[in-house]
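Remarks on the overall topology
For reference, the chains in residue letters:
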Amino acid sequence: MIGSLSAVQAERREFWGELCPGMSIEAGGYPRPAAVGEIDPLLANLKREGYVQVSDALSEAAIAPIRYAVSTLFQRGIPLAFAFVYDELWLAFQGLSRFLTSVLGDGYQALPDFWVWHVNPNENALGWGPHRDRVIPTLDADNSPHTLTVWLPFTDATPLNGCMYMLPAHLDDRFRQRRWDGENNTVVYNPQDIRALPATAGSLLAWNQAVLHWGGRGSRLGSAPRISAAFEFQRGDRPPFNNPLLDPARMPTFQERLGLIGKQVLQYRHMYPLSDEVGAIATSLFQRFMPGVPIPTPFPVPTGVAAN
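Since the structure is predicted, the reported quantities are computational estimates derived from the model, not experimental observations. (Residues numbered from 1 in each chain as written. Predicted model: local features only at pLDDT ≥ 70, side-chain atom pairs only at ≥ 80, totals over all residues. Heavy atoms only, no water.)

1. Digging into the side chain of Gln 267
Tracing the backbone through its elements, the reader meets Gln 267 in helix 8 (residues 254-267). A distance of 3.3 Å separates a polar atom in the side chain of Gln 267 from a polar atom in the side chain of Asn 242. (Helix = DSSP H or I, 4+ residues; strand = E, 2+ residues; numbered from the N terminus. Polar contact = N/O pair within 3.5 Å; in protein donor to acceptor, adjacent residues only side chain to side chain.)

2. Focus on the packing of aromatic side chains
Any pair of aromatic rings gets described here by the distance separating the centres and the angle formed by the planes. By the definition in use, this model includes 19 aromatic pairs. Consider the rings of Trp 16 and Tyr 86, whose centres lie 6.4 Å apart with planes at 85°: the pair is edge-to-face. Remark: Tyr 86 occurs in the loop between helix 4 (60-76) and helix 5 (87-94) and Trp 16 occurs in helix 2 (residues 13-19); sequence separation between them is 70 residues. Both residues of the pair, Trp 16 and Tyr 86, belong to the buried class. Both rings, one in Phe 84 and one in Phe 114, keep their centres 4.2 Å apart while their planes meet at 40°; by these two values the pair is tilted. With a gap of 30 residues between them, Phe 84 in the loop between helix 4 and helix 5 and Phe 114 in strand 2 (residues 109-119) connect regions that are remote in the sequence. The pair Phe 84 / Phe 114 is uniform in exposure class, with both members buried. Members of the aromatic cluster, joined through ring pairs, are Phe 84, Trp 90, Phe 93, Tyr 108, Phe 114, Phe 231 and Phe 233. (Phe/Tyr/Trp six-rings, centres within 6.5 Å; stacked < 30°, edge-to-face > 60°. Buried < 20%, exposed > 50% of the residue type's maximum accessible area, 1.4 Å probe, protein only.)

3. Re the nonpolar core
Judged by nonpolar contacts, the single largest core of 97 residues is most densely connected at Trp 16, Phe 82, Phe 84, Phe 99, Val 150 and Leu 204. With sequence-adjacent residues up to four places away left out, Leu 204 is seen in contact with Val 36, Val 52, Gln 53, Val 54, Ala 57, Leu 96, Phe 99, Val 150, Trp 151 and Leu 152. (Core = buried A, V, L, I, M, F, W, Y, C linked by side-chain atoms within 4.5 Å. Contact = heavy atoms within 4.5 Å.)

4. Focus on the confidence of the model for the chain
Detailed reading of predicted coordinates is not advised where the pLDDT is low. Here the chain averages 93 in pLDDT, and 95% of its residues register 70 or above. Across residues 301-308, where pLDDT falls below 50, the model places 30 contacts with residues more than four positions away in sequence or in other chains. (pLDDT = per-residue confidence, 0-100.)

5. A word on the pattern of salt bridges
The final tally for this structure, using the stated rule, is 17 salt bridges. Notably, a salt bridge pairs Glu 11 with Arg 288, separated by 2.3 Å at the nearest N-O pair. Linking Glu 11 in the loop between helix 1 (7-10) and helix 2 with Arg 288 in helix 9 (residues 276-289), this pair joins segments that are 277 residues apart in sequence. A salt bridge links Asp 172 to Arg 132, with the shortest nitrogen-to-oxygen separation between them at 2.9 Å. Remark: Arg 132 occurs in the loop between strand 2 and strand 3 (147-153) and Asp 172 occurs in the loop between strand 4 (164-167) and helix 7 (173-177); sequence separation between them is 40 residues. Within the structure, one salt-bridge network assembled from shared partners comprises Asp 140, Arg 235, Asp 237 and Arg 238. (Salt bridge = Lys/Arg side-chain N within 4 Å of Asp/Glu carboxyl O.)

See the structure below:
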């Protein structure tokens, strides 16, 4: 039993429906196109800064049910990646298709890499430590990305509840070297180069997977938790950066979602304390619903990782 989740409950659609009655599973909904505005300035910023930020991309109606669901899982002690059993999280990222097509081209694919956070406003809670999502080359010479991380806050993200921090690409010597791995790849030599990225609920943040970034520490001075989710994508004309690639326009079945959630728990197990019980449930889901896919190995360990 994990909090109030057992291995049997995890596989029961009825359990998830009763847990969050306002959420849907395989209900056949349609994504609401995100309001990202003019694309060309975003592409220019992405190449120079390494990231983009757009306020009010998602409506309150789209994010409110997600916020409630993640809060419910957190309160019940259920791993937050299970929020992806619900249609609403998949639809939120599907609504970004115009933006993602502009960045990654027609035929872009979703990577089997996603996560969910609930960072409380207190000193014991913090986001993932300084890291680069991938340290292998994932950029053209002009910094056009082959892969992209998209991060969506469902509550206001502030410096008091762990907002994102970024070392902009044009201030990072690693981008001049064109080398993102090796010793000291998370060192910031001039702290004044660090950029805080507070974001209102419903914003869109996206960055290439070479930029150095992290989530901040919460504070008792904050007024609400930082609730957010991220999903990764890649160009369709590049070999898979992880398997299996997903059709971003297709809603996975309930069983496929369970297998993918198990994969997330296993491949990000270096980011937070993972009990034997959690690992066993994740392994069972992964092996049952993603047969033939090798057990994922943890991604490279960033500095200062935490459970939130």
